[in-house]
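# Coordinate inspection notes
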Amino acid sequence: EVFCEGTSNPWGIAWDAEGSGFVSACVVDHLWHLTETGYYLRQGGPYPPFTWVLPSIVKHHHQKAAYCGLLYMDTDAFPEPYRGKLVMGNIHGSCLNVDSLQRNGSTYLSSGEPDLLTANDAWFMPVSQKIGPDGCLYVLDWYDQYHCYQDAQRDPGGIDRSYGRLYRICYKGTPHAGKIDLSKETDAELIERLRSPIIYYRETAQRLLSERNSAQARPLLQAIVLDSSAAPKAQMHALWSLIGAGPLDKDFHLKLLRNEDPSLRAWGVRAAGNAKKVGESVAEQVRKMSADPSPDVKLQVAIAARKIEGLDAPAILLDALAHAGKDPLIPAIVWQNLQPLMDDRADEILKRVAENESLRGASGFAEVLPRLIERTIGRVNPDIGPIVTLFALASKGDHPDVPASQKCLAMLAEKIQDRELNGPRLDELRAKLEPLIAPIVSGPRNGPLFMNAALLSATWKDSSAIAAIREALVASDQSDPLRLQALAALLAAGDSNALDSVAAILAKPKQSSIALRAGILGALGRAEDARVGQIVLKNFQQLEPELQPKAIELLTQRPEWAKPLLDAIGRQEIPSSALNVNQVRKLLASHDDDLVAMVTSKWGSVRTERNPQREQVVADVRKLLTAKHGDAKQGEVVFKRVCAQCHKIYGEGQDVGPDITANGRASFDQLLSNVLDPSLVIGASYQARLVTTTDGRTLTGLLAEDSPQRIVLKEQGGKLETVPRSEVESITVSKLSLMPEGLEKQLTEKELVDLFEFLLWDKQPSDPAAKRLPGAPR
């Protein structure tokens, strides 16, 4: 069965002493706490609709970002400072990283520790780590010059299959365990093994006891679990031996659920969920535990509520949410288990939300309420009434839930701006919601809900709200996010003055931030006005280098904007290299014959599959970089202009492609291949989509969501573009990477050399500890 989903290339799983699961991953953050029914941040690819995406448990980074194997250090063969830590193989860093864990409600936070081991050989790739029967650490080393499949595909003959290694790491000469065979031991001997300080014995004995499922061993195991004087690890492994053998005895199960130890109670709930069919008394006890003082228990109740037959899952889930406090995980898990029930039980769930007074003011309710409204909107022929009722619950009364109300208003405005809410449904929503919104809009402007209410009202073309939002757009003392929200509302309302305000902002770049102007260029795609092209082209030359690619991406979305762009290129006011090959393909996909003719006359036909000549380009650039040395500082400028639209490095840039701080640069050869031959190997998550819409736009990006309601594309520059399914005319999957071939044609020779000089270091080139990549020319 599926336990949870997400992360990126998870290649190591470990369980701590309480049975919490952890995974190491690549490219995205390196360590994750796994919770059943959770959905975790992915490197790429679409999420299911209405998913609450969970983050990692780290705020730190180790060297590089490719991990294999994960081990919870549970052994007395190492001294105390080594125990209880997570050890993971870092295959690009050629080392074993260490993280320590701290509880954070029902989940964890981790912090970095000094490396356990660093190799003096770049071929060292630790892919699996285990504790042996002697308590020592055993490490499997892949040992090869190539770390990634891209390298192997580029040079299959260079793979080495002869030198895999196995290391035993011991502390001060720890002796070998000698020959053992636990399968020949009696039940009593195996039960005694559950008290061992070495995890190898406890886990192996646990497995054997579960497989035997001995009637004689069961009461002995139950006695250890319920013995408060027993070692906690022995208790847990005794319990897991019982759970692994099948359903628990009813009387023992009830004692477990009523135990003083929250870890045992949580596992009692988890065992009930795994069994699915339990007695009425056990199910009733689980039902009562949604308000348990332990966050671990409440988390497991939220997971089990939908699994145990006969339970009123919506009631239990909402009660767990009401009692979640400020727990960072429980609201998300409640949602992940509640939202699938909306298909068949939406009316019942919404009624229960309205009746559950304890939800009002609950910390997690502010996060779940707008999701409930969004989920209601996403139903086929949704009833608008409950949406209004839900908002009224949060905004009315003596103690309105301001955060929940703000999030609901913002979400509704976004749905209208994206045109997911339109036509008769929008008319009905406005008719029913406006009596609640109008008094807020006509009230004091410093009210906590005024701006959110005004943004929503402006979006549905309320004239008084539009006037207030116009002021917010041009007010330099307002925050950039608010000014961008104002622009989105005005564009949705078709406000004729919005483009005049945009023109004024772009004409005076020193009076606004780069972030604001970048957001404006991203938002203008929703405008159906030929003046957009004129305004952007008029101000193109004074845009910063990192903003010019965003302007080109915008102008290639609609024929009426692209034609003036091509005219400007023809007059050499803008270099033809400003368009990358993917943007040229996008223009050729237009239904405008005149535009296609203009593009064809300049660029001719454009490849739709990888160019096999890229290998020669790689060889030519290798020779160039060997002969010439660049300026890393100037290379950083080139990176920000050309690469940062899709990639992050050292914390700057956009999360479209992988963060290349620690990815794709393990060696000089890998870097050359990834930069100059990006379509050699394309992961499924990085296959670009070309989408044409019914209103004449052409969009290219990576698929972030694909549902019956909408598709969401992550475009160059990092913007998420939502297109209602009803407005999608066609979708084409590209055989080429979103990262275009031909980078060397966009740059001068000096710019190319400078860019690689910036990328050829494993850290910021100004860092005294920075080293050139293996194989890089000196």
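Residues numbered from 1 in each chain as written. Predicted model: local features only at pLDDT ≥ 70, side-chain atom pairs only at ≥ 80, totals over all residues. Heavy atoms only, no water.

Another point: the packing of helix α19 (residues 480–493) against helix α21 (residues 514–523). Put simply, α19 and α21 touch, their axes get as near as 10 Å, and they point 20° apart. On the basis of the axis angle, α19 is roughly parallel to α21. Judged by the twist between their axes, the crossing of α19 over α21 is right-handed. For the pair α19 and α21, the contacting residues are Asp480, Arg483, Leu484, Leu487 and Leu491 in the first and Ala515, Leu516, Gly519, Ile520 and Ala523 in the second. Of the residues in the contact of α19 with α21, the class split is seven nonpolar, one polar and two charged. (Axes fitted to C-alpha atoms, helices over the stretch in contact; angles between N-to-C directions. Helix = DSSP H or I, 4+ residues; strand = E, 2+ residues; numbered from the N terminus. Parallel < 35°, antiparallel > 145°, perpendicular 65-115°, else oblique. Left-handed = near helix turned anticlockwise from the far one by under 90°. Contact = heavy atoms within 4.5 Å. Nonpolar A, V, L, I, M, F, W, Y, C, P; charged D, E, K, R; others polar.)

With that settled, consider unusual backbone geometry. Glycine aside, residues mostly have negative phi angles, and peptide bonds mostly take the trans form. Of note in this structure, Lys172 is not a glycine but carries a positive phi near 50°. Along the chain, Lys172 falls in the loop between β13 (165–169) and α2 (187–193). Classification of Lys172 by relative accessible area gives exposed; the value is 73%. Phi at Arg419 is positive, roughly 70°, even though this residue is not glycine. Checked against the element boundaries, Arg419 lands in the loop between α15 (402–417) and α16 (423–441). Overall, Arg419 belongs to the partly exposed group, its relative accessible area being 22%. (Buried < 20%, exposed > 50% of the residue type's maximum accessible area, 1.4 Å probe, protein only.)

What follows is about the sheet that holds strand β5 (residues 39–42). Spatially, three strands are ordered β1-β5-β6 in an open sheet, and the strand pairing comes out parallel. Where the open sheet ends on each side, the last strands, each with one partner, are β1 (5–7) and β6 (53–54). Bridging between β5 and β6 involves two bridges; their strand directions are parallel. Looking at β6, one finds that Tyr39 is bridged to Val53. (Pairing = 2+ DSSP bridges.)

We now examine the packing of helix α27 (residues 614–627) against helix α29 (residues 668–676). Contact geometry for α27 and α29: axes closest at 10 Å, N-to-C directions at 130°. Here α27 is positioned oblique relative to α29, judged by the angle of their axes. α27 and α29 meet at a crossing whose hand is right-handed. Seen from α27, the contacting residues are Arg614, Val617, Val618, Val621, Arg622 and Leu625; seen from α29, they are Phe668, Asp669, Leu672 and Leu676. Partitioned by chemical class, the residues of the contact of α27 with α29 number seven nonpolar, no polar and three charged.

Here the focus is the pairing of strand β8 (residues 86–90). Taken across its five residues, β8 has five buried, putting it largely inside the fold. Residue alternation in β8 divides its side chains into two sets, Leu86, Met88 and Asn90 and Val87 and Gly89, and both sets are buried. Bridging between strand β7 (residues 67–72) and β8 involves five bridges; their strand directions are antiparallel. Bridge pairing in β8 links Leu70 to Met88. The loop that links β8 with its antiparallel partner strand β9 (residues 95–104) comprises four residues; one of these, Ser94, has a positive phi angle of about 55°.

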